[in-house]
Amino acid sequence: MSDNLSNLAGKKGLENNLFQDLLKEAKEHGTPDDEKLKDLAEQYLVGDANAYGATSFYDFLKKENKGKKVYMCSGSACLTARTQDDLKKGLLENFKEEEIGKICCLGRCHENAAINYNGTNYSGIDSSNLSDIIHEDKRELGADTYNVGTNVSDPILTAEFPGIDAYYEIFKEVIKNSPEDALQCINDSGIRGRGGAGFPMGFKLGAAKKETDEQKYIVCNADEGDPGAYSDRYLMEKQPHAVLMGMMISGFIIGSNRGVLYIRAEYPESVAIIKNAIEELEAKDLNGENIEGSGFDFRFKIVEGAGAYICGEETSLLSSIEGQRAVVRVRPPYPAQRGLFNKPTVVNNVETLACVPYIMKNGGAAYKKFGTEKSSGTKLVSLDSFFNKPGIYEIEMGTPFKDVVYEFGGGFKKPVKAVHVGGPLGGIVPTDKINDLTLDFESFASNGFLMGHAGVVSVPDDFPMIEYLEHLFEFTADESCGKCFPCSIGAVRGQEMIAKARTEDYKIDKKLMDDLLETMEIGSLCALGGGLPLGIKNALQYFRDELKAYFTNN
Amino acid sequence: MMFKPNTASDSIEKEGVDVDKKIAYIDGQAFNFVPGESILSFINRSLGDDSIPSLCDAPNLKPYGSCRVCSVDVALEENGNARAQASCHTPVLENSYIYPHSDRIKTLRKNIIELVLTDYPEEKINDNKNGTNELQVVAKQVGMEHSMIRYPEGKNHFDFLKDDSHAYMRADLSTCINCYRCVRACDEVQGQHVLSVEGRGFDSKIVMGLGSTFADSDCVSCGACSQACPTGAITDIFDSKAVVADEEIRTVCTYCGVGCNLSVKVKDGAVAAITAPYEAESNEGHTCLKGRYAFKFYDHADRLRSPLIKVDGVFQEASWDEAYDFIAKKLHSIIDTNGPDAVAGISSSRCTNEENYLMQKFIRAVVGTNNIDCCARVCHSPTALGMQRSFGTGAATNSIKDLKKTDCIILIGANPTSGHPVTGAKIKQTVMGGAKLIVVDPRKIELSKYADFHLQLRPGTNVAMLNMLLHYIIKEGVVDESFVADRTEGFDDFKNMILALDMDKLSGITGVDKDLARNAALCYATAKNAMEFHGLGVTEHSQGTFTVQLIADLAMITGNIGREGVGVNPLRGQNNVQGAADMGCQPHQGAGYMMVDNADSHKQYEEFYGRPLSNEIGLKIPEMFDAAQSKDLKALWIMGEDVVQTDPNTTEVIKSMEALDLLVVQELFMTPTAEYADVVLPASSFLEKSGTFTNGERRIQRVNAVVEPLEGTKPDGQIIVDIMNRMGYDQPAYDADTMLQEISQIVPFFAGVTWDGLTDNGKQWPVTGDNEGTEILHTEEFKRGKGLFHFQEWRESNELIKNKEQFPFILTTGRELEHYNCGTMTRRTNNSIILSEDTLLIHPEDGKAKGLVTGDLACLSSAYGKVDLHVELTDQVKPGILYTTFHFPEVLVNLVTGNEHCSESMCPEYKVVAADIRKAKKVEERGIGEVTEAS
């Protein structure tokens, strides 16, 4: 948001980090108190207002959060699974109302009934285990299980880990050769960003490589905020070295010696596992100065998020690392030119980076053999608890979507009328459209939907679509950074209209709703406000009959 | 601009477009664009300003993209698939087709404004006075109003409380639209980071500090937020932006040497408010609380409104004629009896060039003596002399805008965020933008927090410190050899002497670590472009002139002279201290710096003034005081200078005033000096007269009268003209244009200056005959030919040698942001609510040793006198060092400052006084800080 604040943060470097200092205070004291804020403001030269402004931006830093003892997931999958009302009742037997916070989302979409308690996530909670969690502090109950599968014979992301030594052979090989060779390999693979936008990875790397700054950064966007998606969590917890090697090779390509993993606070296990994996690398001298005598240096820094969905947007994420309010920046400049601390930065999603070791090992062409012409490779799909076989599936791009739903997912446990694919900003696919789609960027887009990060949230037949739409507006209103007018005001007004129509004798002016959606879609600064209308419009189109009671001049 | 912009009515494609340059289309019509420019700028430039509505964009802020109202449709082919793009932050693509007002864009804008109005109180939008509520203007432009809102009533922020806690700033956030212009102004313009935003999404709210009020925050009252706010959610007590004025007149600030241009709103013949013009080159839409808000002194009840003649020790009102007759008679008698050299004049750096010119002309041509000096004596006389010796001319070599081109700044003995706030803010911006900063100052000043190096030297050791820097530059082999060879002389001897210095010894003297000094020296020397700034912390020392010469050495040895982003740049104290010296208000040089004892120039002056002139160098201010006490000087004429409060060793100054047979003082207020006058002549303030001020970057700028002179007062220039006429010299009535014509004929670097030719932004001298100004001096060769290296050895100040046994502390003095010099003007404004007294800063260790805690009243004593003032314990100063200001006559801090002067220029050594402190004995005796003159 502010070049000055970015530069000031840059002068402090990565080791001293205002954002992490604030988080540390919040973990210890609920929220940083005024005296601490003044200290930090002085130390980082940002002024009291910015220290306070940043604190107030994040769910887990703000003062309203002080005194919260347990957080209930408010994500879409837990909502449509209707597990949270009972869960809340159970929690209220142990906590006061004001001690229960909400958190969106814990990535336990395959089990639901999810909470975060004492820094550990739990899901699938019922009356039988709640007491053990709260009173016995049985952390082992936090472990979750889900199916993992693939439809490719030579998996890129879900293969068994062969051990560090074997796995990093290719890394040692890559850094012996030229960065240009490695970049060529990425370009040959045709890999596009897996975070949702599908931007070619090689293009970003090439752009940052061209910049002449001495300091550049690789940032891993591990702020997997889309309710319904937990594939990045899978990668960080089950395939951490794929992610770390992907970052190091990216650094090697662009000439960066620093990598930052921005991991959402909602995934404490991921943070621990990644930290452990980095230590493994350090122990083997695969990380640090002059790795393997190649002259290539690389060090990691883990930055934990603090509860703000918008941080999944790359420029907000960069501001967040810098200790600023995570407000979306204008482009240009693009991060590849001026990103973290105003230095050239490549921000890539966890899954994108995790593909890099395979591409290096097997060559870009081998990767490109998978998938379609424009969507090469495979994609991880997250399936929620409505599926008979919920879990993470590595699916070759171009695979019929029905195969994912009915073969891998094993179909639904109960009647489902729509699947919301690609997170809250994705499209709402009525069940009867599933057969029309293949799993790739183009098929979803041409049918008026969005593959996005490929998290799938089911909306069962008995879940009112109007309630789901209100949830989407509410989610956007809660998570809007507050910068652009269409999103920050529009989401609230949209939610209010729906709430009013649901509870009062009020019908929504359809023209007004259309205007609002168009205003947000074409007027918003980023994909949050700009993306919300897609799903709403899908619902208005495909569930017109169900929704018409709430609208005038339909 | 590279081409002549089309107008919207041109219908033929590509007519008037340079086909060799980049082209884009607006509504199908071709225009050239500047590569990299935003669509908004492109459209406004091509079709005229305000073609596109916008709420978050502002002239001095970076594109932000929050309101989205400036969105336009952009297609890659004619009538192709268009995408809505916010024009403020989207660069123009070559051959793109821009549709600024397509139907869907018009609808989009209307729908956005509809959303905004749902959270904007209807009654307050209609409260608007003169179309300054930009939301109202834009709403009208897009065809939306409250009555058209279709949304049901929902959440709003109408109940936000107002903040009226501050002396100037006001907030009513119920009318805030979250465009963040204020936050960005606080960040990008002032760099203070007092404003931010609380919460997120719809609940985002502007906050001051930790969510408090303006008064409780670290706000410096610069008013940038108030000027930036589109809706008046943040404003000030004058409602500066919205107040309806009869006229708006541009003039130049009367306070410091930055020379901010001000846009003064006048209503019913009175000043209603002041804003900063965005297009002003000297301040680029910014100013500080003195320039913007501290103007209410001008019609304060305390203003003098009649000439006063002292009869039997009591002032009695007199007519102008009576006063003039009294003075003329007395002056004639003194001149007849004691000769013209028994008369002296002290001119004023607060007055215009024209007035200063007249003052020295009066003293030289009418009285017949060179006893003319000005307050440059007590501030930057060492700069003028030192730079003249090294370069040939004593003025800043570069322009403030060069900050945009520099990579490294060395700031020596200056605290610009207080003393020169707009330059201070620009330095801070430059450093936050990535330039290196080296601060050389005994105190931790605001900018030292942002510095890469802070050389916190002991006061009085500047020469030793600079010698350390020069030593390491030579020793480490980072001298710009070719510059030294081609452009300078005297280097070899200089080099040998510098290399012979013992760094351990100098480190011991300065108290600055050798490695720190070495690294700072390398930082300055190896920067591509390094820029030097200095202030009174350099000059007000016994070795002030020598220090300036060493600064010149530093610039020459590294080749940092003669191009953009470099140079030696004294931060001139007063608004027109540069001009006062330029106009000849010094005893050795006449108007245009020609020596009075040089036969040719003496002859030239005599011919020009048409009178025989003295060819003997006259008295400097301290010499005048001595001469008064020895009865050699009988009459002193002071124009706008409070020597009793501001010159050192007040007790002695008062004795000198008392010894005079005639003291004439031209003043706005009854100052401590005026109290000793025989005749006081009521003068007009800068708001009431026209003329020119020359700022610290040699920029001659037009001062325009915005109101009539207060009844009973006259512009200083007219007073001088009147007395000249009364004493038999025919001088036309005071008029800026006419005076400039006269000045341009005698001052060589004013040759091309005319009133009309100066235009709004002024010209930097030398101004050649064809009206061309000069941004950078010494580009090809120095004024004196080759730059001259001087070696100087550090010497302990006599003050410490004589007095440090008895007075073991070192007192050094400076300024606070809120007050200007002796505060005659600022104390009569709300600035005195913000800061109401001089405070003594002492290190906590010293406080402990002396049994003092913050808030205690301490007695500060020196060999010259003692004063009581409250203390603040702080690590801003090192142990053994004391710091205070001298803004308040209730304290008269200069009672304790001493008699030492710069050996070359006679600039007093305000910055080093041997002092002692103890807890004050009689706390109740004097009420400190009880200033009640706030308007």
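As the structure is a prediction and not an experimental result, all values here were calculated from the model.

Caption draft 1: Here's a closer look at the overall build of chain A. When its secondary structure is counted, chain A shows 24 helices and 14 strands. On C-alpha atoms alone, chain A measures out to a radius of gyration of 23 Å, which is about the 24 Å that the 2.2 N^0.38 rule sets for 554 residues. Taken along its principal axes, the extent of the C-alpha atoms in chain A is 70 × 60 × 50 Å. Expressed as a percentage of contacts within chain A between residues at least 6 apart in sequence, the contacts between residues at least 24 apart total 72%.

Caption draft 2: View of the overall build of chain B. Broken down by element type, chain B carries 29 helices and 36 strands. The C-alpha radius of gyration computed for chain B amounts to 29 Å, which stays within 12% of the reference 30 Å derived for 935 residues, consistent with globular compactness. Across its three principal axes, chain B shows a C-alpha extent of roughly 90 × 70 × 65 Å. With 935 residues in all, chain B has 60% of them scored as buried. Taking the intrachain contacts of chain B between residues at least 6 apart in sequence as the baseline, contacts between residues at least 24 apart amount to 71%.

Caption draft 3: The arrangement of the domain arrangement of chain B in detail. You can read the domains of chain B as domain 1 (23–101), domain 2 (128–299), domain 3 (308–379 + 577–747), domain 4 (385–570) and domain 5 (798–925). Each of domain 1 of chain B and domain 4 of chain B was reduced to a C-alpha centroid, and the two centroids are 45 Å apart.

Caption draft 4: Highlighting the nonpolar core. Counting residues in hydrophobic clusters, the biggest one holds 446 residues, and the most contacted among them are Val219 and Tyr262 of chain A together with Cys182, Leu411, Ile438, Leu469 and Leu636 of chain B. In terms of residue count, the dominant contributor to this core is helix 13 (residues 240–254) of chain A (ten residues). The contact partners of Leu636 of chain B, leaving out residues within four places of it in the chain, are Ala344, Ile346, Met624, Ala628, Leu660 and Leu663 of chain B. Core analysis: the next-biggest nonpolar cluster, separate from the first, contains 32 residues, Tyr864, Leu882, Val893 and Ala914 of chain B among them.

Caption draft 5: Up close: the pairing of strand 9 (residues 205–208) of chain B. All names here are of chain B. For strand 8 (residues 195–198) and strand 9, the ladder comprises four bridges, and the chain directions are antiparallel. Looking at the pairing, Ser196 lines up with Val207 of strand 9. Joining the antiparallel neighbours strand 8 and strand 9 is a turn of six residues, in which Gly199 adopts a positive phi near 70°.

The rules behind the values
- Residues numbered from 1 in each chain as written.
- Chains lettered and ligands numbered in written order.
- Predicted model: local features only at pLDDT ≥ 70, side-chain atom pairs only at ≥ 80, totals over all residues.
- Helix = DSSP H or I, 4+ residues; strand = E, 2+ residues; numbered from the N terminus.
- Rg over C-alpha atoms; globule rule 2.2 N^0.38 Å.
- Contact = placed C-beta atoms within 7 Å.
- Buried ≥ 20, exposed ≤ 12 C-beta atoms within 10 Å, placed from the backbone.
- Domains from an automatic or database assignment.
- Core = buried A, V, L, I, M, F, W, Y, C linked by C-beta atoms within 7 Å.
- Pairing = 2+ DSSP bridges.

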